[in-house]
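# Tertiary structure, described
Letter by letter, the chains look like this.
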Amino acid sequence: MIDDIRVGALIAASSIKRGNKKTLIFIVFVLSLIFMNLVFLPSMIGGMTVLFTGFMQDYPYGDIVIEPTGDNTYINNADNVLQKVRAVEGVRAATKRLDVGASVEHKQKVVGVTVTGVLPTEEYEISRYPYIIKEGDFLGELSRDEIIIGSIISGTSTSFGEIYDDLGEARVGSLVDVTYSNGVKRTYKVKGIMEATFELVDLNAMVHYKEIEEVYGLDVGEATSVVVRIDEAGTEEQMKVKIREAGVNEQVFTWADKSEALIRQAMQSLGAIDVMSKFVGLIVGAALILIIIYINILNRKKEIGILKAIGITPGSIVLSYAFLSMFYVSLGIFAGMVLYLSLMIYFQANPVIFYETMKIRPQIDPMLLIQSIVTMLTLSVIAGTLPAWSVSKESILKAIWGR
Amino acid sequence: MIRVKDLKRYYGSGATTVRALNGVSFEIRKGEFVAIMGASGSGKTTLLRILALLDDATGGEYTIRGLKVSRLPEAERSYYRLTQVGYVFQDYALINEMTAAENVYILSMMEGKSKKESYRTALEALDKVGLKDKHDRVPDELSGGEKQRVAIARAIAKKPDIMFADEPCANLDTINSEQVLEVFKDLNDNYGQTIVMVTHEPWHVKYVDRVITFKDGVVVGDEWVEEQ
Ligand SMILES: Nc1ncnc2c1ncn2[C@@H]1O[C@H](COP(=O)(O)OP(=O)(O)O)[C@@H](O)[C@H]1O
Ligand SMILES: [Mg+2]
């Protein structure tokens, strides 16, 4: 066995050292593309996921969101909850919100929306809403007869314009009529139009918290959610526990908990593409590795026959091809990695733009890289040994003289 | 040393059967340099391949030093090929990506010798064929005669009981052929190497001790060559 390994290594080494360099470069090139194929699309999809979850944090959920228990529509003592939450170490800011359903009307055009009641000054610390007003201004503390509408409903969205109904002509300064889900009707002046290029935001409207309280006749301190931002990203789970320990009995979720369900829906098709692309990539990769190495071995059938004829064991011959293909694949992975990382660096600087403003930067997932490397190495050993084994089983005469 | 009794090798079956060897018997003793001669298609290559354990006989018996090798399992045949039998091919059959020395010492390594010792053995064998100073050349950098001498060095490095050569000079001009035949003669005279060589060149006869002549798969002549 030791002799087989030594001889196998000698055969492989000399074939690498003095073999055809063009063939080597070609094989390594193809293998690097196979590697790229395995890791690139998943990285793009990873980038989309990150973008999506970023939206979740920046708009509806913050880092941690507290929601009413059971069938309750409201958190009853939101101010009490806020007080407790703000006292927890590691919490940067917290605010309460009221989400209700309504329809908005302007010049005979009507669209259904979710209206969120917010405390405008607090939102600056919590969300990106105040920073995405593309026309007009964000709400102020005194904005009681004013409303912010999403760019899609205003009809000014450049990205989603064709997909959804809109109000057509509603601009900053226009008056719109809002009919709340309890039938109460109010008229507001459009103070600003917000655009996040994210449907959950751009399809919504926003008024002062006090408005919703008044329209629905709520007690002070009722909220549909309490949104929390924390100091340190990545500590969401620990903070969730801390908040519970601080005596908050409502339901506490991290943004990941919340997006998971949503992502699962929104990304389901994407996830399927991801899995399929990995699967197809693997199959194609495996087939290509096999073909390349098999052709390489067929080209050297005679050499295998000679080696056997002079007394080299089939074991050494098979091992030499295992070494050879491992070498090819390692170089291929290395080249693929260089290619991949340069592309990653490029796309970090020049993100792929979706819907004109959504910048997708592919994510490097070390687990995926390790998985792909291990898979390719395993495949290479199989692809190297199987054909070599079958050829080395052939009769010497057939291998050398073809009959 | 080797004994062949009623050896047969048929190719194909039925009406198209080719009787390449049709009952061949002879004996070769240690230290003999034997030429196998005969017209093309008379069965010389077929015989040599069977003797070198590269092919199986259809019938008959074949013994090396009393051991019946005709029906050994492949692993043992592989071991025999490695340790007891040297084979020189018409087209050299060197590994093109290995240097002369590597082509030779790979076999010593296969036998389990250290790299250093293998290398020493290889140089020794290359010295015997007069190519010590070209040990680090690859086959492409050698002439046909030199390549064949490397192949001979490979065959003798393991000090085989018997060495076979199938038309080793077929691809060589007269000068290179003479060099190769001189090497054989030297190995036979000075090291007592037993050699069985197939050839159809009458002038090669002067190098050998004995000529066995084939025709249509049977032995038609077996003579000793007079020393000149
Ligand atoms: N693999 C084979 N299949 C069928 N016939 C073969 C094969 N090898 C050799 N022969 C036939 O066997 C006979 C002897 O061939 P061979 O031993 O090569 O002759 P020589 O070496 O004396 O020229 C020839 O008729 C040849 O055509
Ligand atoms: Mg022949």
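Residues numbered from 1 in each chain as written. Chains lettered and ligands numbered in written order. Predicted model: local features only at pLDDT ≥ 70, side-chain atom pairs only at ≥ 80, totals over all residues. Heavy atoms only, no water.

## Description of the overall build of chain B
Basically, it comes down to this: Secondary structure is summarised from DSSP: a helix means a run of H or I of at least four residues, a strand means a run of E of at least two, and numbering begins at the N terminus for each. We take the radius of gyration over the C-alpha atoms and set the globule estimate at 2.2 Å times the residue count to the 0.38 power. The buried label applies to any residue whose accessible area, calculated with a 1.4 Å probe on protein chains only, is under 20% of its type's maximum; exposed applies above 50%, and partly exposed to all values in between. Every residue pair with non-hydrogen atoms within 4.5 Å of one another is taken to be in contact. Note on areas: Shrake-Rupley with a 1.4 Å probe; residue coverage comes only from the protein chains shown. Note on charges: Lys and Arg go in the positive column, Asp and Glu in the negative column, and His and the chain ends are not counted at all. Taken as the charge centre is NZ of Lys, CZ of Arg, CG of Asp or CD of Glu, depending on the residue.
Counting its regular elements, chain B contains six helices and ten strands. Scaling as 2.2 N^0.38, a compact globule of 228 residues should have a C-alpha radius of gyration of about 17 Å, and chain B matches this with 17 Å. For the C-alpha atoms alone, the extent of chain B along its principal axes is close to 50 × 40 × 30 Å. Looking at the 228 residues of chain B, the share that counts as buried comes to 56%. A sequence separation of at least 24 residues applies to 68% of the contacts in chain B between residues at least 6 apart. In the structure as shown, chain B presents an accessible area of about 9,800 Å², 46% of it carried by carbon and sulfur atoms. Where the 31 positive side-chain charges of chain B centre and where its 35 negative ones centre are 5 Å apart.

## Observations regarding the interface of chain A and chain B
For the record, the criterion: Take the accessible area each of two parts loses on contact, using a 1.4 Å probe, and add the two losses: that sum is the buried area. Within this document, salt bridges are pairs made up of a side-chain nitrogen of Lys or Arg and a carboxyl oxygen of Asp or Glu, the two lying within 4 Å of each other. Two N or O atoms count as a polar contact when they lie within 3.5 Å, although within protein this holds only if one can serve as hydrogen donor and the other as acceptor, and sequence-adjacent residues are included solely when both atoms are side-chain atoms. Only Asp, Glu, Lys and Arg are considered charged, only Ala, Val, Leu, Ile, Met, Phe, Trp, Tyr, Cys and Pro nonpolar, and every remaining residue, Gly among them, polar.
Taken residue by residue, the interface counts 27 residues in chain A and 28 residues in chain B. Counting the surface lost from both chain A and chain B, the interface buries some 2,400 Å², and carbon and sulfur atoms represent 65% of this. The largest contributions to the chain A side of the interface with chain B come from Arg6, Leu10 and Ile310 of chain A, which together make up 25% of the buried area. Of the charged contacts, one joins Arg300 of chain A and Glu97 of chain B as a salt bridge, the two residues approaching to 3.1 Å between their closest N and O atoms. In this structure, the connection of chain A to chain B is made through six residue pairs in polar contact (both at pLDDT 80 or more). Where the side of chain A that touches chain B is concerned, the elements lending two or more residues are α1 (2-18), α11 (301-309) and α14 (396-401) of chain A. Among the elements that make up the side of chain A that touches chain B, the one with the highest residue count is α1 of chain A (ten residues). Residue classes in the side of chain A that touches chain B are distributed as twelve nonpolar, six polar and nine charged.

## Brief notes about the site of ligand 1
Definition in use: For this purpose, a residue is taken to be near a molecule or strand whenever a single non-hydrogen atom of the residue falls within 4 Å of it.
Neighbouring ligand 1 are twelve residues, the closest being Gly41, Gly43, Lys44, Thr45 and Thr46 of chain B. Neighbouring residues of ligand 1 are distributed over chains A and B. Within the backbone of Gly43 of chain B, one N or O atom sits 3.1 Å away from an oxygen atom of ligand 1. Summarising the interface, the protein chains cover 72% of the accessible area of ligand 1, which totals 560 Å² for the free molecule. Top contributing element to the shell around ligand 1 by residue count: helix α1 (residues 44-51) of chain B, with three residues.

## Here's the deal with the sheet that holds strand β2 (residues 18-28) of chain B
All names here are of chain B. This is how the line gets drawn: Strands pair, by our definition, only if DSSP identifies at least two bridges between them. Helix axes use the C-alpha atoms of the stretch in contact, all axes being lines fitted to C-alpha atoms, and the angles between their N-to-C directions lie in the range 0 to 180 degrees.
Reading across from one edge, β2-β1-β4-β5 is the order of the four strands in this open sheet, with antiparallel pairing throughout. In this open sheet, the two edge strands, each paired with only one partner strand, are β2 and β5 (67-68). Taken strand by strand, α1 contacts β1 (2-11), β2 and β4 (59-64), and its axis lies near 120° from that of β1.

## Re unusual backbone geometry
All names here are of chain B. At Asp6, a position not held by glycine, the phi torsion is positive, near 55°. Examined against the element boundaries, Asp6 turns out to sit in strand β1. Although it is not a glycine, Lys159 adopts a positive phi angle of roughly 50°. Position of Lys159 relative to the elements: it lies in the loop between α5 (144-157) and β7 (162-166). Overall, the relative accessible area of 52% leaves Lys159 in the exposed class.

## With respect to the packing of α1 of chain A against helix α12 (residues 314-349) of chain A
Axes are the key here: two packed helices are described by the angle between their axes and the distance separating the axes. Residues and elements named next belong to chain A. Which entries qualify depends on this criterion: For this classification, under 35 degrees means roughly parallel, over 145 means roughly antiparallel, 65 to 115 means roughly perpendicular, and everything else is oblique. Left-handed describes a crossing in which the near helix is turned anticlockwise from the far one by less than a right angle; the clockwise case is right-handed.
Close contact between α1 and α12 brings their axes to 7 Å; oriented N to C, the two are set at 45°. Relative to α12, the element α1 is oriented oblique. In the crossing of α1 with α12, the sense of the turn from one axis to the other is right-handed. Counted together, Asp4, Ile5, Val7, Gly8, Ala9, Ile11, Ala12, Ser15 and Ile16 of α1 and Gly315, Ser316, Leu319, Ser320, Phe323, Leu324 and Phe327 of α12 form the full contact between these two elements. Residues that form the contact of α1 with α12 fall into these classes: ten nonpolar, five polar and one charged.

## Remarks on the confidence of the model for chain B
Our working rule: The predictor attaches a confidence to each residue, called pLDDT, with possible values from 0 through 100.
Predicted confidence across chain B gives a mean pLDDT of 90, with 99% of residues reaching 70 or more. Of the two predicted TM-score estimates for the complex, the pTM is 0.72 and the ipTM is 0.84.

## Some remarks on the environment of Lys134 of chain A
Residues and elements named next belong to chain A. Along the polypeptide, Lys134 turns up in strand β4 (residues 133-136). By relative accessible area, Lys134 is classed as partly exposed at 34%. The spacing of Lys134 and Met194 is 60 residues in sequence and 5.7 Å in space, taken between C-alpha atoms. When near neighbours in sequence (up to four residues on either side) are disregarded, Lys134 contacts Ser151, Thr156, Ser157, Ile193, Met194 and Glu195.

## Topic: the pattern of salt bridges
Throughout the structure, instances matching the rule amount to 31 salt bridges over all chains. Taken together, the shared-partner salt bridges connect Arg144, Arg186, Glu211 and Glu214 of chain A into one network.

## Topic: the packing of aromatic side chains
Residue and element names in this part refer to chain A. Put simply, the test is: Ring pairs shown here join Phe, Tyr and Trp side chains whose ring centres sit within 6.5 Å, with only the six-membered ring taken for Trp; geometry is labelled stacked below 30 degrees between planes, edge-to-face above 60, and tilted in between.
Under the counting rule described, the total for this entry stands at eleven aromatic pairs over all chains. Arranged with centres 4.2 Å apart and planes meeting at 5°, the rings of Phe55 and Phe198 form a pair that is stacked. With Phe55 in helix α2 (residues 21-61) and Phe198 in the loop between β7 (185-194) and α6 (199-202), this residue pair connects regions lying 143 residues apart in the sequence. The same class applies to Phe55 as to Phe198, namely buried. Ring geometry for Tyr180 versus Tyr216: centroids 6.0 Å apart, planes at 80°, classification edge-to-face.

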